Every structure is written in structure tokens, then in C-alpha cells.
Amino acid sequence: MPAPLTVAVDATPLLGRRTGMGVATAGLLAALARRSDVVVRGYGLTGTGWRALPGALAALGLPGAGGGRVPLPAGLVLPAWGRGVDLPPIEWVTGPVDVVHGTNFVVPPTRSAARVVTVADLTALRFPELATPAARLYPDLVRRAVRAGAMVHTFSTTIAAEVVEAFGAAPDGVEVVAAGAPPVTPRRPPAPGGRRYLLALGTVEPRKDLPGLVAAFDLVAGGRPGLELCIAGPDGWGADALGVAVAAARHGDRVRRLGWVADPAALLDGALALVYPSVYEGFGLPPLEAMARGVPVVATAAGAVPEVVGDAALVVPVGDVGALAAALATVVDDDGVRARLAAAGPRRAARFTWDDAAAAMVAVYRRAAGG
């Protein structure tokens, strides 16, 4: 058996309220912790939160993985790396490692370690108007990493093809390893006479097109008294547009904004369906979580979402409010459709496990180190 690889992993997404990338990073690290062929050392691109990383890593089964020996403030190092200043190398922070894995678009320079960078999507290139100013730094950083020989990891074949086209990456230098479904806790039975609601789950940002969802909900809510739309997720920079859409809707009083929810399982279990109306996605963790729990899914054909849901969801064209409204009406009114989707979802989600993902990522690390 080959000697274990020592891999430095960017654990910054674990800090604070976890978005999709935080959930994915936690899932991967927890699965890596169960393996004997890899030793993980964590680091953080943060000037203040790095001291919290040891505790976050220990909670995932990685005691002693550390959080880096010194801070790496993102506001200082990212602009420098973007200008081609290859300092500081990650080994100054983590000590000697075989591979460094940048889990969120950014992989640090190294003295000798191989580099792997995860590119979740290309929003900053394809839809710059939907990206934050900070995210618009990522394409240049990814481009420099590719030119310097870093391997690219994507969660889907859709984004892998986009990386090859956008950055001129060699196809054999881009590896697809899908994310895993979260562990399924026991389902909560619905409360007798409980509310009937559709659920949207994710950060409130323009890429999620929640205003379009509100418009679609408005088309179906009139003839269905008591039906509600619940939107759970932290406010991002699309919160104002969502507020305007809700205020303009005839049935805006039935749109509930719940904010960030630490454990969405109970919300999912009580929902008629999860609705995922995105403009563009590199994967789609909320639909995967919903399918794993047997919750019907209505989604747009945004980026890689069809790769995730297969035939276990109702899928409509991106931006088509009428088609989305028709799908919502179907999933609300048709018990047979809901039952079919509820049965198909767990079968589909079973194809995505974090243990499989960790095994595939270790293979990526070994290939990178060997190259």
C-alpha cells in the first residue's frame, strides 16, 4: 500500500454560516477523515478566523489537522497572487505537504507541493453581473493556476467542459468528482393539519432567481388558498430585489422569508416540494439533499442541475416563469406526481456519496503529486 499523502486543504468555507461550498467542504473533509491513505492539514484564507479552524476540523473527525500556523488574510494575498506574486507559499503556513487543495477557486502558491483547485462554477465569467466584486477575482486566479500546472476539480461534467473552453485547460487536467448527499436523518412526520408550503433553500443572490420564483408562485397561489412559499437562506446581495418582488406580488403576504436555517431537514420534510429556480449552477446540493429525504423537487435546467436530478425531478427551462408556475401547480395538485418524485429521489441521491467522492479525490491528489 502506498504511503499516505499529506494534503493541505482550504478549510475557510467551514467558518461562519455555511453556504453550499461550506457544506461540500465539510462533507469531503469528514470522509477524508475516515481514510488511512491521506493526512489532512487545514488552512484558512482569513486574517481573523484562522484560530477557529482547529475546532471546526476536529468536529469533522480531524483533531490535530490544525488551522495553519499563521494567518493568510484573503484581502492581502488574493490580489498579490492575482498579480503573479507567488508569496507566501503554503508550506510557510502548513509545513511540508505533498498536495494543496484549494476548495473554493483559489489555490495558494507552493514551494514543491502539487496543486489542485476546485472550480464550482464559472458565474464570474459567464454571468459577471450575477457575481460579487470579490468573486470576479477568481477567473484570473484560476487561469494562473492552470497555466502553472494545477489540476482542476469540478463537481460536474458541465463545468469541466466550461473550464476547458474558458481557460484552455487540457481535458486530462480537469477531473470531475461529484459532491455527496448529506447523511439522512429520520424524517419528521408532518403535523396533522399543518401548513402547505413550497420551499426554496439557498443564499438570496441574483443567480438563484428568487424574484422569478415569487412571480411563478403568484400565478398559482390565487386558486390555492393557504398555499405558502417559504424562502430559507441568508441574505446575500440579491435581498433587495427579492424584497421588491414580494412587495409587488398579489399574494406576497404568503411568502415567508426565514433567513439562515442551521438544519433545514425539518423544513424539507414538511414541504410539498423543494423549488430550485436558478439561472446557473455548478452542481446543486439543495436538490440532492431534498431527493435524499424523499422530498419532490422542481428545478430549472440551470447548468449542471440536470446532471444531479436526472429524471427524479420536474425540470423547466431557465427563466420561464410560466413553465415554472405550471410545474408548481402540478406538484401541488397531483398526489401521484409527488409520490413518484418522492420514490425516485432517494434512488437518485444514492448515487452520490461522500465516501465515493473522497476516494476519487485521493486518486486526484495522487495523480497531481505524481505529475
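Data block above holds the structure.
What counts as what
- Residues numbered from 1 in each chain as written.
- Predicted model: local features only at pLDDT ≥ 70, side-chain atom pairs only at ≥ 80, totals over all residues.
- Heavy atoms only, no water.
- Pairing = 2+ DSSP bridges.
- Helix = DSSP H or I, 4+ residues; strand = E, 2+ residues; numbered from the N terminus.
- Axes fitted to C-alpha atoms, helices over the stretch in contact; angles between N-to-C directions.
- Contact = heavy atoms within 4.5 Å.
- Core = buried A, V, L, I, M, F, W, Y, C linked by side-chain atoms within 4.5 Å.
- Buried < 20%, exposed > 50% of the residue type's maximum accessible area, 1.4 Å probe, protein only.
- Arc of directions from axis to C-beta.
- Patch = residues over 30% accessible without salt bridge, like charges linked within 9 Å, V, L, I, M, F, W, Y side chains within 5 Å.
- Areas by Shrake-Rupley, 256 points an atom, 1.4 Å probe, with all protein chains shown as cover.
- Salt bridge = Lys/Arg side-chain N within 4 Å of Asp/Glu carboxyl O.
- Phe/Tyr/Trp six-rings, centres within 6.5 Å; stacked < 30°, edge-to-face > 60°.

**Student:** It is not clear to me how the sheet that holds strand E8 (residues 227–232) should be interpreted in this structure. Could you clarify?
**Tutor:** The strands that make up a sheet pair up through hydrogen bonds in the backbone, lying either parallel or antiparallel. Strand order in the open sheet formed by six strands is E9-E8-E7-E10-E11-E12, and the pairing between neighbours is parallel. Of all the strands in the sheet, just strand E9 (255–259) and strand E12 (314–316) have a single pairing partner and so form its edges. Ignoring strand direction, the axes of neighbouring strands in this sheet form an average angle of 25°. In this structure, strand E7 (residues 196–201) lies alongside strand E10 (residues 273–276), joined through two bridges in parallel fashion. Residue Leu198 lies in a different strand from E10, and its bridge partner there is Ala273. Lying over the sheet, helix H13 (residues 321–333) contacts E7, E8, E10, strand E11 (297–300) and E12, oriented at roughly 165° with respect to E12.

**Student:** Which parts of the structure should I look at to understand the environment of Ala262?
**Tutor:** One can find Ala262 in the loop between E9 and helix H10 (265–270). Linking Ala262 and Ala245, residues 17 residues apart in sequence, is a C-alpha distance of 26 Å.

**Student:** Where do I start with the nonpolar core in this structure?
**Tutor:** One broad rule of soluble globular proteins: the nonpolar side chains tend to lie buried together. Leu29, Leu32, Leu199, Leu288 and Tyr365 are the most contacted members of the largest nonpolar core, which totals 103 residues. One finds Val214, Ala216, Ala221 and Val255 within the second-largest nonpolar core, a separate group that totals 34 residues.

**Student:** Teacher, can you tell me more about helix H3 (residues 74–82) here?
**Tutor:** Residue pairs spaced three or four apart in an α-helix point in one direction, given the helix's 3.6 residues per turn. Of the residues making up H3, those classed as buried are Val77, Leu78, Ala80 and Trp81. Summarising the axial view, the buried residues of H3 lie within an arc of 165°, below the 170-degree limit, and thus occupy one face. Among the exposed residues of H3, those oriented more than 90 degrees off its buried face are Gly75 and Leu76. The inward-facing, buried residues of H3 contact helix H6 (138–147).

**Student:** Please explain a nonpolar patch on the surface as it appears in this structure.
**Tutor:** A grouping of Val85, Leu87 and Trp92 is seen on the molecular surface, where their side chains present a nonpolar patch of about 300 Å² in accessible area. Structurally, the position occupied by Leu87 is in the loop between H3 and helix H4 (91–94).

**Student:** Before we go on, may I ask you to explain helix H9 (residues 239–248) in this structure?
**Tutor:** Buried residues of H9: Ala239, Leu242, Ala245 and Val246, and no others. For H9, the angular spread of buried residues about the axis comes to 120°, placing them on one side. Facing away from the buried side of H9, by more than 90 degrees, are the exposed residues Asp240, Val244, Ala247 and Ala248. Looking at the packing, one finds that the buried side of H9 touches helix H8 (210–221), E8 and E9.

**Student:** I would appreciate a short explanation of the packing of aromatic side chains in the present structure.
**Tutor:** Centre distance and the angle of the planes are the two values used to describe a pair of aromatic rings. For the coordinates displayed, the defined rule picks out four aromatic pairs. Taking the centre distance of 6.0 Å and the plane angle of 50° together, the rings of Phe155 and Phe283 count as tilted. Placement of the pair is Phe155 in the loop between strand E5 (151–154) and helix H7 (157–167) and Phe283 in the loop between E10 and helix H11 (285–292), with a sequence separation of 128 residues. The two residues Phe155 and Phe283 agree in class, both being buried. For the ring pair Phe283 and Phe352, a centre distance of 6.0 Å and an interplane angle of 75° mean the geometry is edge-to-face. Of this pair, Phe283 sits in the loop between E10 and H11 while Phe352 sits in the loop between helix H14 (335–349) and helix H15 (354–370), and the two are 69 residues apart along the sequence. Note on Phe352: relative accessible area 12%, which makes it buried. Within the aromatic cluster, the residues linked to one another by ring pairs are Phe155, Phe283 and Phe352.

**Student:** Teacher, can you tell me more about the environment of Ala350 here?
**Tutor:** Looking at where Ala350 falls in the secondary structure, it is placed in the loop between H14 and H15. What makes Ala350 exposed here is its relative accessible area of 55%. Residues Ala350 and Ala339, spaced eleven residues apart in sequence, show a C-alpha to C-alpha distance of 18 Å.

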